[in-house]
Amino acid sequence: LVPRIAGALLARAPRSGWLAFDLGLAQLRGSAGQATVSLAAVIVSFSLMVAMTVMVHSFRVSFDNWLGRVLPADLQLRAAQGNDTTHLTVEQQQAVRAVVGVQRVEFRRSQSLWLDGVQSSVMLIARDFTPQTDPDIMPLVRAATRPLARPVWISEQLQDRAQLAPGDTLRLPLAGRSVEFAVAGVFRDYGRPTGSAMIARAEYIALTGDRAANDGSLWLRAGADAPRVAAAVRTAVAADAAYDLLQTTELRERSMRGFDRAFLVTYALEAIAVGIGLLGVAFAASSTALARRAEFGMLRHIGLRRRDVRALLASEGLATSVLAVLYGLLLGAALSLVLVYVINRQSFNWSIDLAVPWGLLALLSAGLVAAAAATAMLSGRAAAGPAALRAVREDW
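Bear in mind that the values here come from a model prediction, so they are computed numbers and not experimental data. (Residues numbered from 1 in each chain as written. Predicted model: local features only at pLDDT ≥ 70, side-chain atom pairs only at ≥ 80, totals over all residues. Heavy atoms only, no water.)

Caption draft 1: A look at the side chain of Arg201. Tracing the backbone through its elements, the reader meets Arg201 in helix H7 (residues 201–208). At 3.0 Å, the side chain of Arg201 forms a polar contact with the side chain of Gln93. One polar contact links Arg201 to Asp128, side chain to side chain, over a distance of 3.2 Å. What Arg201 contacts, discounting residues up to four positions off in sequence, is Gln93, Phe107, Arg109, Ala126, Arg127, Asp128, Arg211, Ala212 and Ala213. (Helix = DSSP H or I, 4+ residues; strand = E, 2+ residues; numbered from the N terminus. Polar contact = N/O pair within 3.5 Å; in protein donor to acceptor, adjacent residues only side chain to side chain. Contact = heavy atoms within 4.5 Å.)

Caption draft 2: Quick peek at the packing of aromatic side chains. Per the counting criterion, the structure on display carries 11 aromatic pairs. Consider the rings of Phe63 and Trp66, whose centres lie 5.8 Å apart with planes at 25°: the pair is stacked. Placement of the pair is Phe63 and Trp66 together in helix H4 (residues 40–70), with a separation of 3 residues, close to one helical turn. The buried category is assigned to Phe63, whose relative accessible area is 12%. A residue is classified by how much of its surface remains accessible, and Trp66, at 11% relative accessible area, is buried. Both rings, one in Phe259 and one in Phe263, keep their centres 4.7 Å apart while their planes meet at 40°; by these two values the pair is tilted. Phe263 carries the same exposure label as Phe259, and that label is buried. Among the aromatic residues, ring-to-ring pairing joins Phe59, Phe63, Trp66, Tyr190, Phe259, Phe263, Phe348 and Trp350 into one connected group. (Phe/Tyr/Trp six-rings, centres within 6.5 Å; stacked < 30°, edge-to-face > 60°. Buried < 20%, exposed > 50% of the residue type's maximum accessible area, 1.4 Å probe, protein only.)

Caption draft 3: Representation of unusual backbone geometry in the model. Although it is not a glycine, Arg150 sits at a positive phi angle of roughly 50°. You can see Arg150 is positioned in the loop between strand E4 (140–143) and strand E5 (151–155).

Caption draft 4: Representation of the nonpolar core. Counting residues in each nonpolar core, the largest one holds 24 residues, and the members touching the most others are Val42, Phe46 and Leu368. Among the secondary structure elements, those contributing two or more residues to this core are helix H1 (2–11), helix H2 (19–30), H4, helix H10 (264–291), helix H12 (306–348) and helix H13 (358–379). Looking at this core, the element that brings in the most residues is H4, giving 6 residues. Discounting chain neighbours no more than four positions away, the residues touching Phe46 are Val325, Gly328, Leu329, Leu364, Ser365 and Leu368. With 22 residues, the next largest nonpolar core counts Val152, Ile154, Leu174 and Ala197 among its residues. (Core = buried A, V, L, I, M, F, W, Y, C linked by side-chain atoms within 4.5 Å.)

Caption draft 5: Inspection of helix H9 (residues 248–262) at higher detail. Taking 1.5 Å of rise per residue, the 15 residues of H9 would be expected to cover 21 Å, and the 21 Å separating its terminal C-alpha atoms lies within 8% of that figure. Every buried residue of H9 is listed here: Thr248, Leu251, Met256 and Phe259. When H9 is viewed along its axis, its buried side chains cluster within an angular range of 130° and face the same direction. Turned more than 90 degrees off the buried face of H9, the exposed positions are Thr249 and Arg261. Where the residues of H9 are buried, they touch H4, strand E1 (75–79) and strand E10 (243–247). (Expected span 1.5 Å × (residues − 1). Arc of directions from axis to C-beta.)

Caption draft 6: Looking closely at the packing of H4 against H9. The contact between H4 and H9 brings their axes to 11 Å, and the two run at 160°. One element, H4, and the other, H9, form an angle in the roughly antiparallel class. Taken as a pair, H4 and H9 cross one another with a handedness that is right-handed. Contacts between H4 and H9 involve Val56, Phe59, Arg60, Phe63, Asp64, Leu67 and Gly68 from the first element and Arg252, Ser255, Met256, Phe259 and Asp260 from the second. Its residues placed into classes, the contact of H4 with H9 shows 6 nonpolar, 2 polar and 4 charged. (Axes fitted to C-alpha atoms, helices over the stretch in contact; angles between N-to-C directions. Parallel < 35°, antiparallel > 145°, perpendicular 65-115°, else oblique. Left-handed = near helix turned anticlockwise from the far one by under 90°. Nonpolar A, V, L, I, M, F, W, Y, C, P; charged D, E, K, R; others polar.)

Caption draft 7: Structural detail: the side chain of Gln157. The topology assignment puts Gln157 in helix H6 (residues 156–162). On the accessibility criterion, Gln157 (0% relative accessible area) is buried. Excluding anything up to four places from it in sequence, Gln157 contacts Asp189, Arg192, Pro193, Thr194, Gly195, Phe348, Asn349 and Trp350.

Caption draft 8: Up close: the pairing of E1. Pairing of E1 with strand E9 (residues 215–220), which is carried by 3 bridges, proceeds in the antiparallel orientation. Within the sheet, the bridge partner assigned to Leu77 lies in E9 and is Gly216. Across 5 bridges, E1 lies against E10 in antiparallel orientation. Bridging from a neighbouring strand, Ala79 pairs with Tyr243 of E10. (Pairing = 2+ DSSP bridges.)

Caption draft 9: Spatial organisation of the environment of Arg127. Counting through the fold element by element, Arg127 comes out in strand E3 (residues 122–127). Residue Arg127 is classed as buried on the basis of its relative accessible area of 7%. C-alpha of Arg127 to C-alpha of Glu203: the two residues are 76 residues apart in sequence and 9.5 Å apart in space. There is a polar contact of 3.1 Å between the side chain of Arg127 and the side chain of Glu106.

Caption draft 10: Examining the pattern of salt bridges more closely. According to the stated counting rule, one finds 15 salt bridges in the structure shown. The partner of Arg150 in a salt bridge is Glu203, and the shortest N-O contact between them spans 3.1 Å. Note that Arg150 is positioned in the loop between E4 and E5 and Glu203 in helix H7, a separation of 53 residues in sequence. Residue classification places Arg150 among the partly exposed residues on the basis of a relative accessible area of 35%. Salt-bridge contacts for Asp225 lead to Arg228; the nearest nitrogen and oxygen are separated by 3.9 Å. You can call Arg228 exposed: its relative accessible area is 63%. Members of the salt-bridge network, linked through shared partners, are Glu106, Arg108, Arg127 and Asp215. (Salt bridge = Lys/Arg side-chain N within 4 Å of Asp/Glu carboxyl O.)

Below, the structure written as structure tokens:
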């Protein structure tokens, strides 16, 4: 379909009044199939770049929004990396709440559980919240249509692995016995790939008697000095290096830097793909220009200068690359929908929201069009020289 549609578009292109450009369009009208097939590498590579760019941008936006939902407080108190045995006692929790400048504290208790029918452990999170008053405390993707007794919220990973849906029953092993919960909703969790379940901490304490906590979130009073409050919290915890206390902004920035580093390889692969596409343009333009030496020689004989011939080649490269970019954008958009809604969901068991980086795609499109036009012009420079004039003499 590419040559057929390209021919129809070129046939409707109006004259510009610029000789080189109009000659280039006339040439393309007569050989639309050959010209567009030569840019197949650009179409494929650019569509891949568009699809991957949309997918990575969608993931980045979704990840950033998720961080904003799960890290709403000013300070985050959590166990040091690699330390999964320490916990905050009731006395330490009370001391943190009593620190001057702290307005509110939410503590969490996390532990690994093995569930029937699930082949690896999942993380149980008991949070200080009241489902009736804080329904939007987690990034829900679906929820039950009615209030449920003894609710539990599960991540998308656990939903897929245990084949659960809102309203179903989930049994959790707590304090040596199996306790039945009702699935109240499904939430996104980019931090625990094996799956997680969340219940109210008050319910957890009532069932287990365990009042310890692993980490917490601290909201500060208006005008409070964050560094001074952080120092007071560290003194209250008195757990040496067992706990890290970070400002939420710092933690989010660190997480986003880690995300960007993880996708550096993807960006490099996209650049290589486009480089291969431009290399295909160079080869196609060089071979086409050599085959058209007699044509260029005749144009030189009737008055065109060398720079006019080079402008002719650049115009052809410009027009065909614009078509290739349009095709690449359409094909890449279709591929991005598959990546976002199908491949990503099946590969990682979490969902992301579609977000299109319009400015970046416009910049990439303009850059590719300019690069393809320059590549076509530079690749055909030799064919516009004296050899083109000699080619006409050979035909005689």
